[in-house]
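Examining the three-dimensional arrangement
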Amino acid sequence: GLLSPEHIIAIRRRYNLNQDDLEKLLGMGQKVVTRWERGKVLQTKPVDDLLRLMEQLPQIVEKLREFRRQEEHTE
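If you're wondering where the values come from, they're calculated on a predicted model, not measured in any experiment. (Residues numbered from 1 in each chain as written. Predicted model: local features only at pLDDT ≥ 70, side-chain atom pairs only at ≥ 80, totals over all residues. Heavy atoms only, no water.)

Digging into the pattern of salt bridges
What counts here: A pair is scored as a salt bridge if a Lys or Arg side-chain nitrogen falls within 4 Å of a carboxyl oxygen belonging to Asp or Glu. Runs of E in the DSSP output that reach at least two residues are strands. Runs of H or I that reach at least four are helices, and both are numbered from the N terminus. The classification of residues rests on relative accessible area computed with a 1.4 Å probe and restricted to protein chains. Under 20% of the type maximum is buried, over 50% is exposed, and intermediate values are partly exposed.
Under the criterion given, the structure shown has 7 salt bridges. One salt bridge in this structure joins R12 and E37, with 2.6 Å as the shortest N-O distance. Highlighted residues: R12 in helix α1 (residues 5-14) and E37 in helix α3 (residues 32-37), separated in sequence by 25 residues. Given the relative accessible area of 9%, R12 is considered buried. Judged by relative accessible area, E37 falls into the buried class, the value being 11%. With a closest N to O distance of 2.6 Å, R52 and D48 form a salt bridge. In this pair, R52 and D48 are both assigned in helix α4 (residues 45-56), 4 residues apart and thus about one turn of the helix distant.

Okay, here's the thing in structure tokens:
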């Protein structure tokens, strides 16, 4: 199955991210993380896999941050 809302919250907090930060990091729209964390919407399997990788490999979070910074500079 997919990660529970509580598990998503724990991953986000591990990296001191607020919901907006996690949305930006994952390239998601506004309030998506809020909906996941409230259990109103389920994350897709690919996003679930990415969250699991983030949990296991902290360097992925830093790599995502780099991608987002590069995107900001090219827009």
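This is not the end of the story, as more comes after the structure.
Re helix α2 (residues 19-26)
Formally: Here the arc refers to the set of directions running from the helix axis out to each C-beta atom. For this analysis, residues touch if any pair of their heavy atoms sits within 4.5 Å. Pairing of N or O atoms within 3.5 Å defines a polar contact, subject to two protein rules: one partner must be a possible hydrogen donor and the other a possible acceptor, and residues neighboring in sequence count only if both atoms are side-chain atoms.
Along α2, the positions that sit buried rather than exposed are L22, E23, L25 and L26. All buried residues of α2 fall inside an arc of 165° around its axis, so they share one side. On the buried face of α2, the contacting elements are α1, α3, α4 and α5 (58-74). Residue N18 occupies the N-cap position of α2, its side-chain oxygen lying 3.0 Å from the main-chain nitrogen of D20.

Structural notes on the side chain of Q43
Within the element layout of this structure, Q43 appears in the loop between α3 and α4. In terms of polar contacts, Q43 uses its side chain to reach the backbone carbonyl oxygen of L3, at 3.0 Å. A polar atom in the side chain of Q43 sits 2.7 Å from the side chain of D48. Those residues in contact with Q43 that sit more than four places away from it in its chain are L2, L3, I8, W36 and D48.

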